[in-house]
Number of protein chains: 2
Amino acid sequence: MTGGGPSSNNSSQPEEVCLVCSDISTGYHYGVPSCNGCKTFFRRTIMKNQTFSCQFQGKCPVDKSIRCACRHCRFEKCLQVGMDRNAIQQNRDPIGYTKRTRRYPPIKKVEASDECSPAMVSENDRSEDNFLTLLSSTEQKCCALRLAEYMPSRTLIEAVVSDCLLTDEVFMAEHAILSPRHRVTSLRFANQSDYHYWHERDWFVMIEWAKTLPVFQSLPFTDKLALLRHSAITYPSLVHVFNPPDHGLDTIVFPDGAYFDRTPEPTRPLGFNKKKYQMLDQLLKPMRSMEIDMTEFAAFKAIFFLNPDADDVDSNAKKTLSDGRSAITNALYRYMVKKKGAEDAGDRFGRLLLLGTVLATMAVEMKEAVLVADFFDQIQFSTFAKQLLFGIKTE
Amino acid sequence: MTGGGPSSNNSSQPEEVCLVCSDISTGYHYGVPSCNGCKTFFRRTIMKNQTFSCQFQGKCPVDKSIRCACRHCRFEKCLQVGMDRNAIQQNRDPIGYTKRTRRYPPIKKVEASDECSPAMVSENDRSEDNFLTLLSSTEQKCCALRLAEYMPSRTLIEAVVSDCLLTDEVFMAEHAILSPRHRVTSLRFANQSDYHYWHERDWFVMIEWAKTLPVFQSLPFTDKLALLRHSAITYPSLVHVFNPPDHGLDTIVFPDGAYFDRTPEPTRPLGFNKKKYQMLDQLLKPMRSMEIDMTEFAAFKAIFFLNPDADDVDSNAKKTLSDGRSAITNALYRYMVKKKGAEDAGDRFGRLLLLGTVLATMAVEMKEAVLVADFFDQIQFSTFAKQLLFGIKTE
DNA sequence: CGTCTCGGGTCAAAGGTCGA
DNA sequence: GTCGACCTTTGACCCGAGAC
């Protein structure tokens, strides 16, 4: 370049700056280093012979981010830094025009990443984001399956090794249809068999859901069991809390109209009531207050399911789980930034992850077999559920 | 072919369609082909910072004919199809037609922009950030006190109600000096009395530390006890893990040279070894790998100490705790953004908060008195420690 | 004859308006 | 108050004259 090249300058001053708004300058315009916007703004104002008036006191700051806020002050600033109105050429021969291409090519640049860097979203980020989308759509299928009539009778081992139903299009088309029994016709206080019924359904769906997770698929069989066991109590709770029907901050209604709330049930064991309050106060209320959407819920469920610190998980699996979890965490965070803006995302993300402590607490407490018994009373579980909750005989 | 009009393309593709409501698109808005209505709706929602909630299940269809039926679902759809909130600009100068104009509130604009504008931080943010700085300096005092000789003998109640030593300049100047006993001269495998000794010291410091927290100060006495009890096991663990001397990813060395690592100790109870592994594998390794600094540690400790879900915390205190915790969470997040950049902050923040699940697990498991006994064997605690771990007699 | 700069023109996509 | 058809304004990008 010839020595005076605008950008070659000194290394310390890589870009010249618009004297009007401090944006990056595109060269000298009307005698002043300025950006494209201020250049065009000045020309237009002169050409159209416009006058503006300031809504305030004629002292508005003019900055890249707010340069459009007050045209009067922007134009004043243009003059003040020395833009020369005589450099405007009133009439010129018209020039040919060309059709321009879309400003937004199919790929969106998104992600606010400041202009300085290449700003390309990394390949890795993109695949994590795609996975989040996938998780969300899987979640919808889970909802459908949960409300269907279909309910297999099988052992835990059979459930884990069998092909995944959620990804079986034929099966889903045929069976994943709302059962008439799973519609709210009237509310009634939930009894023991309601709890049983929905827990069995949720465990069934849980395993089908788990089998869609690549990280889960890659684990050895015993680690799969360990994770499932670890989530046996928390998974259904999460599902009950998140899924409709939503009856406010202190009532959980099952899809068939059975419900429970903070009403104490003195005839039940202490452990039962404690569990109930915990779920309502520590999970239901915060989750509903946050108005978590399906994508966030799907991510949340997966993050806490893929727990490297779950009991009996082999140490070889910890790294896999930890990485899988991170991928989802990061995608979730980016999702929240997009949805709520960077400012609120931090708070929201923090709140959601802190709910993990509640889940962890529930998971540990319910490991005490006595509490399980309290919670579910003396009613018999299916073989499947017994194996899930209490382990497989051979152990 | 550039020759064709912008949208006339081929006759087969006459109109582009709004990805939100399937109405006719008027072009790309906020990154997405969309109609005028959805465009304006999106802008207004962001500008006014509105939140909607769905009356149904958050799955309302959004279509030209019914797009106004559920604003929550319409906005969700906008986000889902990829409308970019970063494309929203600041308020512009009104282009007066005839009547007066409406202005939106200042709008918040944060993120990446950093360098350009003063980016006025909100008053609230600033005070949260200041508090974080304070936490960090308090943490340094805690370290000093921990390594001092001074060790009071008092009951739990006396400890909680007495004036805070950490903020007593005179006391600190006189007593917070490194004791010769708390220097590593040589390493030796930790025995039972080493555990005891350091736990007693850490409990002592914990209470002095807690008394510096305004939120803690504002609580009723019984809630203070509940929080302290809840952190009785996890607080010392955190301190052991974070504080020097750092001997790598699987050894904890107390300041006086007593150490422990993954060496199994078959003569000890099972609970003891389990606890040890948990601490080393689930806390020490992740925390040291992350290279947490003192500010982050200080915030982390406070976030998990101020646990609204701790046992026996009165429901009136939950809100206070929750807010106090949020303030720190937010400040911590902003700190990480400043330190690591917006990109890495999400990941780091997530990792740190997820450690909360480990803490929660430890806290619950150790509540079983039998585990406490296992861990500490049969050696006698001080009155103070007994009250802390097992409760005060009157209960 | 390049090629760099700085004039002006263009139009997709921002934001604003106001009757329904 | 919200909605959205219909405005104005913005600015990234283009063309071309003139200087080197």
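Residues numbered from 1 in each chain as written. Chains lettered and ligands numbered in written order. Predicted model: local features only at pLDDT ≥ 70, side-chain atom pairs only at ≥ 80, totals over all residues. Heavy atoms only, no water.

Before going further, it helps to examine the sheet that holds strand 3 (residues 188-189) of chain A. Residues and elements named next belong to chain A. Here we have three strands laid out as an open sheet, ordered 3-5-4, and mixed in their pairing. The sheet is open, and its two edges are formed by strand 3 and strand 4 (251-253), each paired on a single side. Bridge count for strand 4 against strand 5 (residues 258-261) is three bridges, and the pairing is antiparallel. From the neighbouring strand, I252 faces strand 5, where its bridge partner is F260. Against the sheet, helix 10 (residues 270-290) engages strand 3, strand 4 and strand 5, with an angle of about 90 degrees to strand 4. (Pairing = 2+ DSSP bridges. Helix = DSSP H or I, 4+ residues; strand = E, 2+ residues; numbered from the N terminus. Contact = heavy atoms within 4.5 Å. Axes fitted to C-alpha atoms, helices over the stretch in contact; angles between N-to-C directions.)

Bringing the interface of chain B and chain A into the picture now. At the junction of the two partners, chain B supplies 64 residues and chain A supplies 59 residues. Together, the buried faces of chain B and chain A total about 5,200 Å²; carbon and sulfur atoms form 53% of this surface. Among the residues of chain B in contact with chain A, Y28(B), D93(B) and L354(B) are the three that bury the most area, contributing 11% of the side total. Inspection of the chain B/chain A interface yields four salt bridges. Among the salt bridges present, the one from K274(A) reaches D311(B), with a minimum N-O distance of 3.8 Å. Counting across the chain B and chain A interface gives eleven residue pairs in polar contact (both at pLDDT 80 or more). Those elements that provide at least two residues to the side of chain B that touches chain A are helix 2 (71-80), helix 10 (270-290), helix 11 (294-305) and helix 12 (315-367) of chain B. (Buried area = accessible area lost by both parts, 1.4 Å probe. Salt bridge = Lys/Arg side-chain N within 4 Å of Asp/Glu carboxyl O. Polar contact = N/O pair within 3.5 Å; in protein donor to acceptor, adjacent residues only side chain to side chain.)

Take the pairing of strand 5 of chain A next. In summary, the side chains of a regular strand alternate between the two faces of the sheet. Judged from the two bridges that link them, strand 3 of chain A and strand 5 of chain A form a sheet pairing that is parallel. Within the sheet, the bridge partner assigned to F189(A) lies in strand 5 of chain A and is Y259(A).

What follows deals with the sheet that holds strand 4 (residues 251-253) of chain B. Residue and element names in this part refer to chain B. Spatially, the three strands line up as an open sheet ordered 3-5-4, and their pairing is mixed. Either end of the sheet is taken by a strand with one partner, and the two such strands are strand 3 (188-189) and strand 4. On top of the sheet, helix 10 reaches strand 3, strand 4 and strand 5 (258-261); it is set at about 90 degrees to strand 4, its chief contact.

Our next topic: the nonpolar core. M287(A) and M287(B) are the most contacted members of the largest nonpolar core, which totals 171 residues. If you tally residues by element for this core, the top one is helix 12 (residues 315-367) of chain A, at 19 residues. Not counting the four nearest positions on each side in its chain, M287(A) is found in contact with L238(A), V241(A), F242(A), I292(A), F297(A), F300(A) and L355(A). In terms of nonpolar packing, the next biggest core, distinct from the first, is built from 24 residues, C35(B), F52(B), L79(B) and I88(B) among them. (Core = buried A, V, L, I, M, F, W, Y, C linked by side-chain atoms within 4.5 Å. Buried < 20%, exposed > 50% of the residue type's maximum accessible area, 1.4 Å probe, protein only.)

To continue, consider the pattern of salt bridges. Enumeration according to the criterion identifies 46 salt bridges over all chains in this entry. Between R71(A) and D93(B) there is a salt bridge, with its nearest N and O atoms 3.1 Å apart. Remark: D93(B) occurs in the loop between helix 2 and helix 3 (123-146) and R71(A) occurs in helix 2 (residues 71-80); the pair is interchain, linking two chains. Put simply, D125(A), E128(A), D129(A) and R334(A) are held in one network by salt bridges that share partners.

Turning next to unusual backbone geometry. Residue and element names in this part refer to chain A. One non-glycine residue with positive phi stands out, namely Y30, at about 55 degrees. Tracing the chain through its elements places Y30 in the loop between strand 1 (28-29) and strand 2 (32-33). Given a relative accessible area of 16%, Y30 falls into the buried group.

Next up on the list: helix 10 of chain A. Residue and element names in this part refer to chain A. For helix 10, with 21 residues, the first-to-last C-alpha span of 29 Å sits near the 30 Å given by 1.5 Å per residue. Along helix 10, the helix axis deviates most sharply at L284, where the bend reaches about 35 degrees; the proline P286 sits within four residues downstream. Among the residues trailing helix 10, E291 stands out with phi positive, at a value near 55 degrees. (Expected span 1.5 Å × (residues − 1). Bend = angle between axes of the 7 residues up to and from the residue.)

What the domain assignment lists for chain A is domain 1 (27-81) and domain 2 (123-390). The straight-line distance from the C-alpha centre of domain 1 of chain A to that of domain 2 of chain A is 57 Å. (Domains from an automatic or database assignment.)

Residues shown with low pLDDT carry predicted positions that ought not to be read at fine detail. On average, residues of chain A score 85 in pLDDT, and 85% of them are at 70 or above. When the elements of chain A are averaged for pLDDT, helix 13 (residues 369-376) of chain A gives the smallest value, 65, and helix 7 (residues 214-217) of chain A the largest, 97. (pLDDT = per-residue confidence, 0-100.)

What follows concerns the packing of aromatic side chains. Tallied over the full model, the rule gives 38 aromatic pairs over all chains. When the centroid spacing of 5.4 Å and the interplanar angle of 80 degrees are considered together, the rings of F189(B) and Y259(B) count as edge-to-face. Highlighted residues: F189(B) in strand 3 and Y259(B) in strand 5, separated in sequence by 70 residues. F189(B) sits in the partly exposed class, given a relative accessible area of 31%. Geometrically, the ring pair formed by F216(B) and F305(B) is tilted, given 5.8 Å between the ring centres and 45 degrees between the ring planes. Within this pair, whereas F216(B) is found in helix 7 (residues 214-217), its partner F305(B) is found in helix 11, the two being separated by 89 residues in sequence. What makes F216(B) buried here is its relative accessible area of 1%. Every member of this aromatic cluster is reached through a ring pair, and the members are Y195(A), Y197(A), W198(A), F254(A), F260(A) and F272(A). The residue whose ring lies beneath R268(A) is F272(A), and the NZ or CZ to ring-centre distance is 4.2 Å. (Phe/Tyr/Trp six-rings, centres within 6.5 Å; stacked < 30°, edge-to-face > 60°. Lys NZ or Arg CZ within 6 Å of the ring centre and 35° of its normal.)

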